Amino acid sequence: MVTIQSPQETLMRINRLKKEGKSIGFVPTMGALHEGHLSLMRKAKEENDVLVVSIFVNPIQFNNKNDLEKYPRNLEEDKKKLESVQCDILFAPTVEGMYPEPVTEKYDFGELEQVMEGAFRPGHFNGVAVVVKRLFDITLPDRAYFGEKDFQQLAIIRRLVEMEHLPLEIVPCPIVREENGLAMSSRNERLTPEQREKAAFIYQTLQLAKKRKDDLCPSPLKQMVVNIFDANPDFKLEYFEIADEKTLQPVTAWGKQENVRAFIAVWMGDVRLIDNIRLN
Ligand code: PAF
């Protein structure tokens, strides 16, 4: 594996590989790699000639300074994990390298960004879109891999690809969970071992919501989850939403949509966790 910091050098090297007819599988990350990331990388390695991974903690997608400062960073550990999945190129730029000038791009994702993460994290998806577009321009992927834990991000990236007519395929990958059901996330590293055990409660509640779907309408089902979290002092619920998988707009009655998903964001101390589950 080669590690490259410079965007220009990365672009030149990948350009050469593409001219040789090699396909590029790309997995963008912010590091603190876990089994969820590695599952995307294994798939990308299988489906492409060259595996390119980026590690860049993107400051412009953090709407919370504390979250940015405390975001786990461990490049040396990450490199070992990348070797284990036979990553070919690690692109690890600096903030100055990615943003030599002030950022001016402003994307409009319409209703997709007005709900859930978009509503609670102002500016977040614009920051994601700006960095992902730049990363695509540098790594020239044939396929790029994104986890379904960040389901709304996946929808935003698909829209970005459509809007910008980008010649690449977005490959969604299922959520990878810890043994107790907690969705894998770099932020889990910030939980104490005790919190990490207790955080299984989030997925257990999502599973309960799925079970009760046949006897409750969306609104009472949502209220049930709110009540469950109100009664648990370990968590502070930010939102629980039931939404159409395609439009991400709230669902008020069953039956009209093809696929419906429940989405949750919850605070455990000062760590914010998200998860989702398909209900049908
Ligand atoms: O999902 C992430 O880790 C980030 O949002 C991404 C896609 C790497 C952009 O910074």
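Bear in mind that the values here come from a model prediction, so they are computed numbers and not experimental data.

> What is the right way to read the packing of aromatic side chains from this model?
One pair of aromatic rings is described through two measures. These are the centre distance and the angle between the planes. Applying the stated criterion across every chain, the model contains 10 aromatic pairs. Seen from their ring centres, Phe 136 and Phe 146 are 6.5 Å apart, and the 80 degrees between their planes marks the pair as edge-to-face. A residue pair is termed long-range when its members are at least 10 positions apart, and Phe 136 in helix α7 (residues 124-139) and Phe 146 in strand β5 (residues 143-147) qualify at 10 residues. With a relative accessible area of 3%, Phe 136 lands in the buried category. Ring centres of Phe 201 and Phe 229 lie 5.3 Å apart, and the angle between their planes is 75 degrees; on these two criteria the pair is classed as edge-to-face.

> It is not clear to me how unusual backbone geometry should be interpreted in this structure. Could you clarify?
For residues besides glycine, phi is generally negative; the peptide bonds are generally trans as well. The phi dihedral of Leu 140 falls on the positive side, at around 45 degrees, and the residue is not glycine. With respect to the helices and strands, Leu 140 occurs in the loop between α7 and β5. For Leu 248, which is not glycine, the phi torsion reads 65 degrees and is therefore positive. Position of Leu 248 among the secondary structure elements: in the loop between β7 (236-244) and β8 (260-268). The exposure class of Leu 248 is buried, given its relative accessible area of 0%.

> Could you clarify how one ought to interpret the pairing of strand β2 (residues 24-29) in this entry?
Looking along a regular strand, one sees side chains alternate from face to face of the sheet. Here β2 lies mainly inside the structure; 6 of its 6 residues are buried. Alternating residues of β2 divide into Ile 24, Phe 26 and Pro 28 and Gly 25, Val 27 and Thr 29, and every residue in both groups is buried. Bridging between β2 and strand β3 (residues 50-55) involves 6 bridges; their strand directions are parallel. Bridge pairing in β3 places Thr 29 opposite Ile 55. Where the polypeptide runs from β2 across helix α2 (residues 35-47) and back to β3, its parallel neighbour, the crossover connection is right-handed. Alignment of β2 against β5, held across 2 bridges, turns out to be parallel. Residue Gly 25 lies in a different strand from β5, and its bridge partner there is Arg 143.

> Is there a simple way to explain the side chain of Asp 67 in this structure?
Examined against the element boundaries, Asp 67 turns out to sit in helix α3 (residues 65-70). Setting aside anything within four residues of it in sequence, one finds Asp 67 in contact with Phe 62, Arg 121, Arg 187 and Arg 190.

> Got a minute to help me understand helix α8 (residues 151-163) in this structure?
Note: α-helices contain 3.6 residues per turn, so residues at a spacing of three or four share the same orientation. Along its 13 residues, α8 runs 19 Å from first to last C-alpha, staying within 8% of the 18 Å computed at 1.5 Å per residue. Residues of α8 that are buried: Phe 151, Gln 152, Gln 153, Leu 154, Ala 155, Ile 156, Ile 157, Leu 160 and Val 161. In this structure, the buried side of α8 is in contact with α6 (116-120), α7, β5, β6 (169-173), β8 and β9 (271-278). Looking one or two places after α8, you find His 165, whose phi comes out positive at around 50 degrees.

Rules of the game
Residues numbered from 1 in each chain as written. Predicted model: local features only at pLDDT ≥ 70, side-chain atom pairs only at ≥ 80, totals over all residues. Heavy atoms only, no water. Phe/Tyr/Trp six-rings, centres within 6.5 Å; stacked < 30°, edge-to-face > 60°. Helix = DSSP H or I, 4+ residues; strand = E, 2+ residues; numbered from the N terminus. Buried < 20%, exposed > 50% of the residue type's maximum accessible area, 1.4 Å probe, protein only. Pairing = 2+ DSSP bridges. Right-handed = clockwise from strand over helix to strand, strands pointing away. Contact = heavy atoms within 4.5 Å. Expected span 1.5 Å × (residues − 1).

None of this, on its own, says anything about what the molecule does.
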